[in-house]
Amino acid sequence: MTKTTGITWAAASARRLERQFLARRARTGTSVADVAAAMLGVHAQVLSAAELSVGLRTDGVTRADVRDALWPTAPLAPPAPGPVPALVKTHGPRGTVHLLPARDLPMWCAALPAIPTGTAAFPTGVRLTGEQAGQVVAAIADALDGAFLTIDELGEEVVARTGPWAGDLVMPAFQTMWPRWRQVLHRAGQCGALSFGPNRGRRVTYTRPPHFTPLPPEEASRLLVRRYLYAYGPATPQHFARWLAAPPGWAKAQYAELAAAGEIEEVRFEGAPAWVAAGDTDFPDAPERDELLRGVRLLPYFDAYVVAAQPRELLFPGAAYRRALAGGQAGNFPVLLVDGVAAGVWHQRRRGRRTTVTVEPLARLTAPQERLLADCVERVGAVLEATAELVIGEVTVGAHA
């Protein structure tokens, strides 16, 4: 390792891959919560993609292990006392559904609500007042404490605890109208009042995550910046803002406060200023750097690495920027990484106990790379508890299919 203030893309990528358990998978026995913490959350809008994000980073882990970490006891009414979940499925960065370590909720549920919000999405007659929003979040927390409820059941409980105004059908959504209270569903998740339970048949359920005491908001925000820089640095305030979908001015102010306190330090990254956590300036040099980068990796939809690692044009060079991104947005396609950069897309189609993994490389793979790809596909099947077949060819489905 070399301590330096002039950091190349290759050196930064090698360190990120190592810290993300992508250079070397976490050893058998590593908890899924530890892996999720290293990623700073696992995008879980599609649960199977989240299971792959964790399983492809960890020896021996399958989708069953991820679900056991989320819901260690079967939901009853009320749920029987049992183990505290290691992971919580809730609204995380960018307001999107993530798997977060339960132990990190004091940080997340203080830092996320502290991010300034933009212009209200709904007109005055539709949106909740600040007081009403607080009442709804409190009602959600109370209703879900010790229960697993569907969205309709939760709505009945919220209206009973607040008033009929919460149930007014005023929110346009998918050619129908939703009740007023649902506009703060993601806020309830980010505040720690709500998380997802296991499905009841085809219906989603919600529950309340384990009780915790949030950190003071300023402390939580500063900790989140340092955690982000450890996982994905060097990075600028603009990179941090993009990852969180936060106002750039707010992110810049966070960096300035931490820099003034000596908690982060400026470095040169590809010739431009960027930041790392204070003292965290060791980066691998050759040949360790090349060894960490070398290899073939498959990353699923919205994997944390492709969303957070910046600058995006270096992670998605040339043709990969056009093929593997959707209008510059990362995550809409599962990505093939070759030697640390995006080099293709892939898609898996499951039928019963078998899944076909179609990989579209943007350049011809060598024979050793094809063997490594076959190993990756076999691992995909193991995580999903299926037998996987590799097909090298064109991926014909669109973004986020």
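Preceding this section is the structure that the text describes.
Here we summarise the structure given alongside this text. (Residues numbered from 1 in each chain as written. Predicted model: local features only at pLDDT ≥ 70, side-chain atom pairs only at ≥ 80, totals over all residues. Heavy atoms only, no water.)

## Brief notes about the pattern of salt bridges
If you walk through the whole model with that rule in mind, you get 20 salt bridges. Arg103 serves as the salt-bridge partner of Asp34, at 2.9 Å between the closest nitrogen and oxygen. Taken together, the residues span a long stretch of sequence, with Asp34 in helix α2 (residues 32-39) and Arg103 in the loop between β5 (97-101) and α5 (105-111) at a distance of 69 residues. Across the pair Glu153 and Arg200 runs a salt bridge whose closest N-O atoms are separated by 3.0 Å. Highlighted residues: Glu153 in helix α7 (residues 151-162) and Arg200 in strand β8 (residues 195-200), separated in sequence by 47 residues. Owing to a relative accessible area of 28%, Glu153 belongs among the partly exposed residues under this scheme. Note on Arg200: relative accessible area 34%, which makes it partly exposed. (Salt bridge = Lys/Arg side-chain N within 4 Å of Asp/Glu carboxyl O. Helix = DSSP H or I, 4+ residues; strand = E, 2+ residues; numbered from the N terminus. Buried < 20%, exposed > 50% of the residue type's maximum accessible area, 1.4 Å probe, protein only.)

## What to know about helix α11 (residues 248-260)
Over its 13 residues, α11 runs 18 Å from end to end, which matches the ideal 18 Å to within 8%, given 1.5 Å per residue. All of the buried residues along α11 are Trp250, Ala251, Gln254, Tyr255 and Leu258. Taken around the axis of α11, the buried residues stretch over an arc of 140 degrees, which confines them to a single face. Away from its buried face, by an angle of more than 90 degrees, α11 presents the exposed residues Pro248, Gly249, Lys252 and Ala260. Buried residues along α11 sit against α9 (217-232), α10 (237-244), β10 (264-269) and β11 (272-277). Positive phi shows up at Gly262, right after α11, with a value of about 75 degrees. (Expected span 1.5 Å × (residues − 1). Arc of directions from axis to C-beta. Contact = heavy atoms within 4.5 Å.)

## A few points about the nonpolar core
Soluble, globular proteins show a tendency: their nonpolar side chains are buried together. In terms of nonpolar packing, the biggest core is built from 108 residues, with Leu154, Phe240, Trp243 and Phe316 touching the most fellow members. In terms of residues, this core owes the most to one element, helix α6 (residues 130-144), which gives eight residues. For Leu154, the residues in contact, after removing those within four places along its chain, are Ile140, Ala143, Leu144, Leu149, Trp181, Leu194 and Tyr206. If you look at the next biggest cluster of nonpolar residues, it comprises 17 residues, including Leu336, Val338, Leu365 and Val377. (Core = buried A, V, L, I, M, F, W, Y, C linked by side-chain atoms within 4.5 Å.)

## Overview of the state of the cysteines
Applying the stated rule across the entire model yields zero disulfides. Free cysteine Cys109: the closest other cysteine sulfur is in Cys191, separated by 7.2 Å. (Disulfide = S-S within 2.5 Å.)

## Looking at the pairing of strand β7 (residues 176-179)
The side chains of a regular strand alternate, residue by residue, between the two faces of the sheet. One ladder, built from four bridges, connects strand β6 (residues 169-173) with β7; its direction is antiparallel. Along β7, the bridge assignment pairs Leu169 with Pro179. (Pairing = 2+ DSSP bridges.)

## A short note on the side chain of Lys89
Inspection of the secondary structure assignment puts Lys89 in strand β4 (residues 87-91). Those residues within four positions of Lys89 in sequence are excluded, and the remaining contacts are Ala44, Leu70, Trp71, Val97, His98, Leu99, Ser195 and Phe196.

## A closer look at the side chain of Arg16
Mapped onto the fold, Arg16 is located in helix α1 (residues 9-19). Buried Arg16, no salt bridge; nearest opposite-charge side chain is Glu270, N-O distance 9.7 Å. Once residues within four sequence positions are removed from consideration, Arg16 is found in contact with Trp9, Ala231, Tyr232, Gly233, Pro234, Phe269, Tyr305, Ala309 and Gln310. (Lys, Arg positive; Asp, Glu negative; His and termini not counted.)

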